[in-house]
Amino acid sequence: MMEAPVRVRYAPSPTGYPHVGNIRTALFNWLFARHSNGKFIVRIEDTDTARTVPGAVETILESLEWLGMDWDEGPDKAGDYGPYFQSRRIEFYRLAAEKLVKKGDAYHCYCSSERLEEMRAGQVAAKMPPGYDRRCRDLTDEERQACIAKGRKSVIRFKGPKGGETTFSDVIRGEVTFENRTIDDFVILKADGFPTYHLASVVDDNKMLISHVLRAEEWISSTPKHLLLYRSLGLEPPLFAHLPMILGPDRSKLSKRHGAVSITQYRDEGYLPQAMVNFLALLGWSLDDKTDIIDTETLVKNFSLERIGKTAAVFNREKLDWMNGVYIRSLDIEDLSTRALPFLEKDLPGSVERPLDFEYVKSVMPLIQERARTLGEIPGLTYFFFISEIDYEPELLIGKKMNRDITLQALKASLESLEKPGSFSRDELESCLRPLAEKLGLKAGQLFGTLRVAVTGLTVAPPLFETMAVLGKDKCLERMRKAVLKLSSVESE
RNA sequence: GGCGCAUUCGUCUAGCGGCCUAGGACACCGCCCUCUCAAGGCGGAGAUCACGGGUUCGAAUCCCGUAUGCGCUACCA
């Protein structure tokens, strides 16, 4: 038997920003498609008119693009099985629903939402499993006509079998069985003529020739509904693989409460797409017992459904930060600078003149490359390179086992030897300053610490000589003179 | 409540009957390097493999229960 070509889909509903869990599902679909030389299809499930958010589709697509997930068919990428918005495929669903009604596998239900709500409340109060009581399941023609005459709106419900069981073999979990009597007479077509997820996904997955449905674990219990639908419609179901969920630190379903959950937020905080892809891929999938840093190409080459785990994974922000740092360190300076630029433009103090000098930015990047875990941290790590006036407490100038006068003396001596004409290169600075410390009877660290504060305003900063070289002679001398002034205003002990 | 899924270091995971006195990574601790902070190197601590029964010469790995967690239980996806 010929294997059907792999065709998988990512089917988000445009109800807001794409969640990292959702994106992880997209990623697994994409990786599987690319690995198998198959097709990756994006289908927008906009069947809930009330919850649809304008602009959400754009954000979803942007997110996929940002992460490098390209699609073969989807919005603005016409294929042979479009349209790729469910709201434009209403006819297909209507036809399918009517076919089921005609077959006797579905029926019109005229119950009001009020009645349904009441019914459910009663069931819950009576500790009964909530579910539709099938009142409209066996309506006579007269009763039905009466409802129609009264102008009652109807939905179409699937007529679930009363007995037997439905079994399927999940690619990841193996055999899963449900008793049919536990399956409700679920709605397939809503009163507004839109389908529910169950009908729409079945119809579309079939029409779009989807071979594997890779979706989140929370869908596992509605899979029998889908199977029942396939059977009634006389269609061959695809293979199902239910992916483990992504949890917050408290092990509950990841949500806004847990901080960043939308993928765009990670982009805005300065995570690199490669790092994000790598990290997300490892949430539920593994290459082997020791590899953590895996580029996208390797991911595609080695991805397989067999190595997807079954257990829900906690989204571990600290590991993401570490991994993002690894990727930042792997960038060349040009690339890093280009990526850092928007963050600098955005977060540097308003007093800093824009646009920034790109060459200058390039000269400071090597100093923070191994210190930044996200691009968003870069402005905070480098602002003293850009602002004209640094601000700090004069006491910071006085290092360990030093006092005001010793510090003042050290500063003045440094000034004196640096003011001499000559290059201000890293090596030059070192060969000037190191002996000077000794001459002053100070440890190198003591002198350097004082100078670090004088020149950056910080006790924690990149290496001193490199920093001074990038800052330049004029600026350094100026800041050191200011330091002398600041310190002079401090009272001597 | 019903149904379903899951259960290996704090976290992500390796493990698909003997290689496991359970391996790697993040985080943590110590040492080295060092002008601070990082990065890097080395080392450490950390999992009676949820629990209880089986099966087997042998189980983290197979089976059955129990517990716990999570998901679904909408005219939401």
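Our subject is the structure listed above.
Just so it is clear, the structure is predicted and the values come from calculations on it, not from any experiment.

Our next topic: the overall build of chain A. A count of helices and strands for chain A gives 19 helices and 11 strands. Relative to the globule expectation of 23 Å for 493 residues, the C-alpha radius of gyration of chain A, 32 Å, shows a markedly less compact shape. By principal-axis analysis of the C-alpha atoms, chain A measures approximately 105 × 50 × 40 Å. When each of the 493 residues of chain A is scored for burial, the buried share is 49%. In the form shown here, chain A has an accessible surface area of approximately 24100 Å², with 52% of it arising from carbon and sulfur atoms. Here chain A contributes 68 positively and 72 negatively charged side chains, and the mean placements of these two sets differ by 4 Å.

Moving on, we get to helix α16 (residues 426-439). With 14 residues, α16 extends 20 Å from end C-alpha to end C-alpha; this agrees with the ideal 20 Å at 1.5 Å per step. Within α16, burial applies to Leu429, Leu433, Leu436 and Ala437. Down the axis of α16, the buried set is contained in an arc of 100°. They therefore lie on one face. Counted as exposed and oriented over 90 degrees from the buried face of α16: Asp427, Glu438 and Lys439. On its buried face, α16 is in contact with α15 (404-419), α17 (444-456) and α18 (464-471). In the stretch just after α16, glycine 441 is the one whose phi turns positive, near 75°.

A few words on the sheet that holds strand β3 (residues 106-109). Pairing is antiparallel across the open sheet formed by 3 strands, whose spatial order is β3-β4-β7. A single partner strand is all that each edge strand has here, and the edge strands are β3 and β7 (187-189). Averaged over neighbouring strand pairs, the angle between their axes works out to 45° when direction is ignored. Judged from the 2 bridges that link them, strand β4 (residues 155-158) and β7 form a sheet pairing that is antiparallel. When the sheet's bridge partners are listed, arginine 157 is paired in β7 with valine 187.

With that settled, the discussion passes to the nonpolar core. Counting 111 residues, the largest nonpolar core has Phe315 and Met468 as the members making the most contacts within it. Looking at this core element by element, the count peaks at 9 residues for helix α1 (residues 20-35). Mapped onto the domain boundaries, this core takes at least three residues apiece from domain 1 (89-243) and domain 2 (394-488). Setting aside anything within four residues of it in sequence, one finds phenylalanine 315 in contact with Val20, Ile246, Leu247, Leu254, Tyr266, Met276, Phe279, Leu280, Leu283 and Leu320. Judged by nonpolar contacts, the second largest core, of 30 residues, contains Tyr93, Met208, Ile210 and Tyr230.

The next subject is the pairing of strand β9 (residues 239-243). Summarising burial for β9: 4 of the 5 residues are buried, a large majority. As paired strands, strand β8 (residues 212-216) and β9 are joined by 5 bridges and run parallel to one another. By the bridge assignment, alanine 216 is partnered in β9 with leucine 243. For the handedness criterion, the β-α-β arrangement of β8, helix α7 (residues 223-233) and β9 is classed as right-handed.

With that out of the way, let us pick up the protein's contact with RNA strand B. For RNA strand B, the set of nearby residues contains 65 residues, the closest of which are Lys190, Glu370, Arg371, Arg452 and Ala461. Within 4 Å of the protein, atoms of RNA strand B come from sugar and phosphate in 73% of cases. Within the backbone of threonine 459, a nitrogen or oxygen atom sits 3.4 Å from a sugar or linking oxygen of RNA strand B. Sorting the residues of the surface near RNA strand B by element identifies α4 (113-125), β4, β6 (174-179), β11 (313-314), α11 (317-330), α17 and α18 as the ones contributing at least two each. Tallied by class, the residues present in the surface near RNA strand B amount to 27 nonpolar, 11 polar and 27 charged.

Rules behind the numbers
Residues numbered from 1 in each chain as written. Chains lettered and ligands numbered in written order. Predicted model: local features only at pLDDT ≥ 70, side-chain atom pairs only at ≥ 80, totals over all residues. Heavy atoms only, no water. Helix = DSSP H or I, 4+ residues; strand = E, 2+ residues; numbered from the N terminus. Rg over C-alpha atoms; globule rule 2.2 N^0.38 Å. Buried < 20%, exposed > 50% of the residue type's maximum accessible area, 1.4 Å probe, protein only. Areas by Shrake-Rupley, 256 points an atom, 1.4 Å probe, with all protein chains shown as cover. Lys, Arg positive; Asp, Glu negative; His and termini not counted. Charge placed at Lys NZ, Arg CZ, Asp CG, Glu CD. Expected span 1.5 Å × (residues − 1). Arc of directions from axis to C-beta. Contact = heavy atoms within 4.5 Å. Pairing = 2+ DSSP bridges. Axes fitted to C-alpha atoms, helices over the stretch in contact; angles between N-to-C directions. Core = buried A, V, L, I, M, F, W, Y, C linked by side-chain atoms within 4.5 Å. Domains from an automatic or database assignment. Right-handed = clockwise from strand over helix to strand, strands pointing away. Near = heavy atom within 4 Å. Polar contact = N/O pair within 3.5 Å; in protein donor to acceptor, adjacent residues only side chain to side chain. Nonpolar A, V, L, I, M, F, W, Y, C, P; charged D, E, K, R; others polar.

It is worth stressing that arrangement in space is one thing and function is another; only the former is reported here.
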